[in-house]
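Each chain is listed here by its residues.
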Amino acid sequence: MEVWFTEDQTKDLRISVRVKEVLFSGQSPFQKVAVYDTVEFGRLLALDNIIQTNIRDEYVYHEMLTHVGLNTHPNPKKVLLIGGGDGGSVREIVKHDNVEKVVHVEIDQMVIDVAKKFFPELSVGFNDPRVEILVDDGVKHVKENKNTYDVIMVDSPDPIGPAVGLYGDDFYRNVHEALREDGLLVAQTESPHFNRDLIARVHATLKNIFPLVRMFWAVVPTYPGGAWTFTLASKKYDPLAVDMDKFPALKTKWYSPEIHRSAFVLPPYFQELVTG
Ligand code: SAM
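Just so it is clear, the model here is predicted, and its values are computed rather than measured. (Residues numbered from 1 in each chain as written. Predicted model: local features only at pLDDT ≥ 70, side-chain atom pairs only at ≥ 80, totals over all residues. Heavy atoms only, no water.)

## A look at the site of the ligand
As a matter of local geometry, the ligand sits amid 26 residues, with Q31, E106, D137, G138 and Y223 nearest to it. A distance of 3.4 Å is found between a nitrogen atom of the ligand and a side-chain nitrogen or oxygen belonging to D155. About the coverage of the ligand: the protein hides 99% of its 590 Å² of free accessible area. Judged by the fraction of its atoms near the pocket grid, the ligand is located in the largest cavity. Contributing elements (two or more residues each) for the shell around the ligand: strand 5 (50-54), strand 6 (78-83) and strand 7 (101-106). (Near = heavy atom within 4 Å. Polar contact = N/O pair within 3.5 Å; in protein donor to acceptor, adjacent residues only side chain to side chain. Areas by Shrake-Rupley, 256 points an atom, 1.4 Å probe, with all protein chains shown as cover. 1 Å grid on protein atoms, 1.4 Å probe; cavity = no way out; pocket = protein on both sides within 12 Å on 5 of 7 lines; lining within 4 Å. Sits in = over half its atoms within 2 Å of the grid points. Helix = DSSP H or I, 4+ residues; strand = E, 2+ residues; numbered from the N terminus.)

## Section: the domain arrangement of the protein chain
Under the domain assignment, the protein chain is made up of domain 1 (3-54) and domain 2 (58-275). The gap between the C-alpha centroids of domain 1 and domain 2 is 23 Å. At the junction of the two partners, domain 1 supplies 24 residues and domain 2 supplies 23 residues. Summed over both partners, the interface of domain 1 with domain 2 comes to about 2,000 Å²; 68% of that surface belongs to carbon and sulfur atoms. Here domain 1 is connected to domain 2 by one salt bridge. As a salt-bridge pair, E121 and R43 come within 2.6 Å of each other at their nearest N and O atoms. One can count eight residue pairs in polar contact (both at pLDDT 80 or more) joining domain 1 with domain 2. Elements supplying a minimum of two residues to the side of domain 1 that touches domain 2: strand 1 (3-10), strand 2 (13-27), strand 3 (32-38), strand 4 (42-47) and strand 5. Of the residues forming the side of domain 1 that touches domain 2, the biggest block, six residues, is contributed by strand 2. Looking at the side of domain 1 that touches domain 2, its residues break down into 13 nonpolar, nine polar and two charged. (Domains from an automatic or database assignment. Contact = heavy atoms within 4.5 Å. Buried area = accessible area lost by both parts, 1.4 Å probe. Salt bridge = Lys/Arg side-chain N within 4 Å of Asp/Glu carboxyl O. Nonpolar A, V, L, I, M, F, W, Y, C, P; charged D, E, K, R; others polar.)

Laid out in structure tokens, this is it:
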């Protein structure tokens with residue numbers, strides 16, 4: 001008998017992947033956590049039936065969320081990662097030798113445990129001595145820590161459940177205050193095809209708080225529509241004014257100095273979301 005996992009990407013659009021084996025299914029205080037071994041994408045993590053990551057395409061998202069910001073800031077010593085309990089972003093952050101401390105705030109212990117057990121390729125960075133994991137709410141953490149971080153990254157799910165607050169105006173204001181005077185934020189900001197109102201609102205809000213706000217994008221096969229946006233909001237440094245010759249040599253599969261630049265080139269249909 002065939003087993004398929006299906007995500008409702010919108011109320012009228014679904015993605016289905018054929019499942020070899022259900023490896024884990026549990027209910028945390030925050031969400032349903034499931035791990036499937038799939039034919040096309042290998043091991044795949046779903047939260048509340050929404051695909052978060054998988055072995056086959058995870059590198060695109062994790063490399064873009066992390067390296068663009070870390071290469072824009074000239075000295076990102078202290079980094080905060082909110083969400084990202086699968087570990088993929090931590091793995092990429094610790095590739096940067098100039099990072100001295102990574103505070104990783106993930107709200108759900110079950111996601112961390114599942115990542116350690118079923119996604120060793122992603123969670124490998126959890127063992128780096130520079131990483132401190134706090135099982136806590138990122139919304140609360142930025143409220144309580146002022147003038148602390150050089151770079152903050154938001155590796156959040158869609159704006160549902162505990163992640164709603166990670167897209168709120170107050171959250172972005174608190175992120176601004178949690179950053180040092182030349183700090184910057186990078187957040188995943190959903191699909192430029194299916195989440196257009198959200199992206200326009202997030203950009204309008206961030207432009208009221210930060211002097212420089214830019215969208216960049218990449219292609220993630222398992223996310224709705226494939227095209228996926230990220231937003232960089234900066235107090236000082238411009239990702240397009242950095243000296244690419246100074247970038248550290250990183251072992252990556254998607255990100256490169258050329259991609260750093262080209263990811264900010266927006267088709268007019270994406271551009272209109274951020275100029276409105
Ligand atoms: N790459 C993914 C995506 O775009 O779908 C995000 C993956 S990562 C697994 C998202 C994590 O954010 C989840 O593990 C979830 O528990 C965590 N999260 C949700 N709300 C949070 C909050 N308020 N504070 C900290 N972590 C949160």
